[in-house]
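Listed below are the residues making up each chain.
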Amino acid sequence: MDYSEAISLHLKESAIVKEKTIHACLPQIQKVIDITAQALQNGHKILICGNGGSAADSQHIAAEFVIRLSHTLRRPAIPALALTTDSSVLTAGANDIGFENVFARQIEAFGQPGDILIGITTSGNSANILKAIETAKSKKMITIGLLGNQGGQCKNLVDLPVIVPSDNTQYIQETHITIGHIIVELVEKTLFAQ
């Protein structure tokens, strides 16, 4: 069976969403980079959360911060933590206090004023991301949303929404990880390039 047409169509449509993102999100992405670099320079950390594919993106972005993205740049670790990785915390939280609270509880434990929360949700309406943002704001953290579908409820809660201009979950997620790479790459360069 020949899938070339379907493959080409997917790649073209994904590229169109990324092209639209340049025009819709460039100033916001630039501001995320500036805010993140400044917070890290001031000794703060990054907490990241999401569900499903966005959970995987949370882990991916946190790993790039902690280890490194650019292999040509020698640098110390950047403190970033995905709140999606501890199965004991996630299952105990879901069982004991409800799944909508699994990220908020970790923010309660680890978040400090001046830290950054990056909440990733393609719909902008995930209940546990909304609660995470509310908890982070109560702790005087900086809140950033990587969103889609016009931002949902999150766009009015976060300090800085980055809304991918699409309602297709696949293309939103593909663009979120691209934005994540851009943020890490330029924060690295800002903080550690000679």
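Our structure's up above, just so we're on the same page.
These notes cover the structure that comes with them.

What counts, and where the lines are drawn
Residues numbered from 1 in each chain as written. Predicted model: local features only at pLDDT ≥ 70, side-chain atom pairs only at ≥ 80, totals over all residues. Heavy atoms only, no water. Salt bridge = Lys/Arg side-chain N within 4 Å of Asp/Glu carboxyl O. Helix = DSSP H or I, 4+ residues; strand = E, 2+ residues; numbered from the N terminus. Buried < 20%, exposed > 50% of the residue type's maximum accessible area, 1.4 Å probe, protein only. Pairing = 2+ DSSP bridges. Axes fitted to C-alpha atoms, helices over the stretch in contact; angles between N-to-C directions. Contact = heavy atoms within 4.5 Å. Left-handed = near helix turned anticlockwise from the far one by under 90°. Nonpolar A, V, L, I, M, F, W, Y, C, P; charged D, E, K, R; others polar. Parallel < 35°, antiparallel > 145°, perpendicular 65-115°, else oblique.

**A few points about the pattern of salt bridges**
Next up, step 1: Using the criterion set out here, one finds five salt bridges in the structure.
Next up, step 2: Among the salt bridges present, the one from Lys 45 reaches Asp 115, with a minimum N-O distance of 2.6 Å. Placement of the pair is Lys 45 in the loop between α1 (4-41) and β1 (46-50) and Asp 115 in the loop between α4 (102-110) and β3 (116-121), with a sequence separation of 70 residues.
Next up, step 3: On the basis of relative accessibility, which here comes to 2%, the residue Asp 115 falls in the buried class.
Next up, step 4: A salt bridge links Arg 75 to Glu 188; the nearest nitrogen and oxygen atoms lie 2.8 Å apart. Taken together, the residues span a long stretch of sequence, with Arg 75 in the loop between α2 (53-66) and β2 (80-82) and Glu 188 in helix α6 (residues 169-192) at a distance of 113 residues. In this pair, the class of Arg 75 matches that of Glu 188, namely buried.

**Here we look at the environment of Ser 8**
Next up, step 1: Inspection of the secondary structure assignment puts Ser 8 in helix α1.
Next up, step 2: Separated by 59 residues in the primary sequence, Ser 8 and Ile 67 place their C-alpha atoms 33 Å from one another.

**Side note on the sheet that holds β3**
Next up, step 1: Read from one edge of the open sheet, five strands run β2-β1-β3-β4-β5, paired in parallel fashion. Each having just a single partner strand, β2 and β5 (160-163) make up the two edges of the open sheet. Neighbour-to-neighbour, the strand axes of the sheet open up by a mean angle of 15°, direction not taken into account.
Next up, step 2: Taken strand by strand, α4 contacts β1, β2 and β3, and its axis lies near 170° from that of β1.
Next up, step 3: The sheet strands contacting α6 are β3, β4 (142-147) and β5, and the helix crosses β4 at an angle near 135°.

**A word on the packing of α1 against α6**
Next up, step 1: For the pair α1 and α6, interaxial distance at closest approach is 8 Å and the crossing angle is 35°. The handedness of the crossing between α1 and α6 comes out as right-handed.
Next up, step 2: Residues belonging to the contact of α1 with α6 are distributed by class as follows: 13 nonpolar, nine polar and three charged.

**Notes on the packing of α4 against helix α5 (residues 127-138)**
Next up, step 1: Packing of α4 against α5 brings their axes to within 7 Å, and their N-to-C directions diverge by 20°. Classified by the interaxial angle, the pair formed by α4 and α5 is roughly parallel. The hand of the α4/α5 crossing is right-handed. Only Asn 128, Ile 129, Lys 131, Ala 132, Thr 135 and Ala 136 of α5 make contact with α4, whose side of the interface consists of Val 102, Phe 103, Ala 104, Ile 107 and Glu 108.
Next up, step 2: Partitioning the contact of α4 with α5 into residue classes produces seven nonpolar, two polar and two charged.

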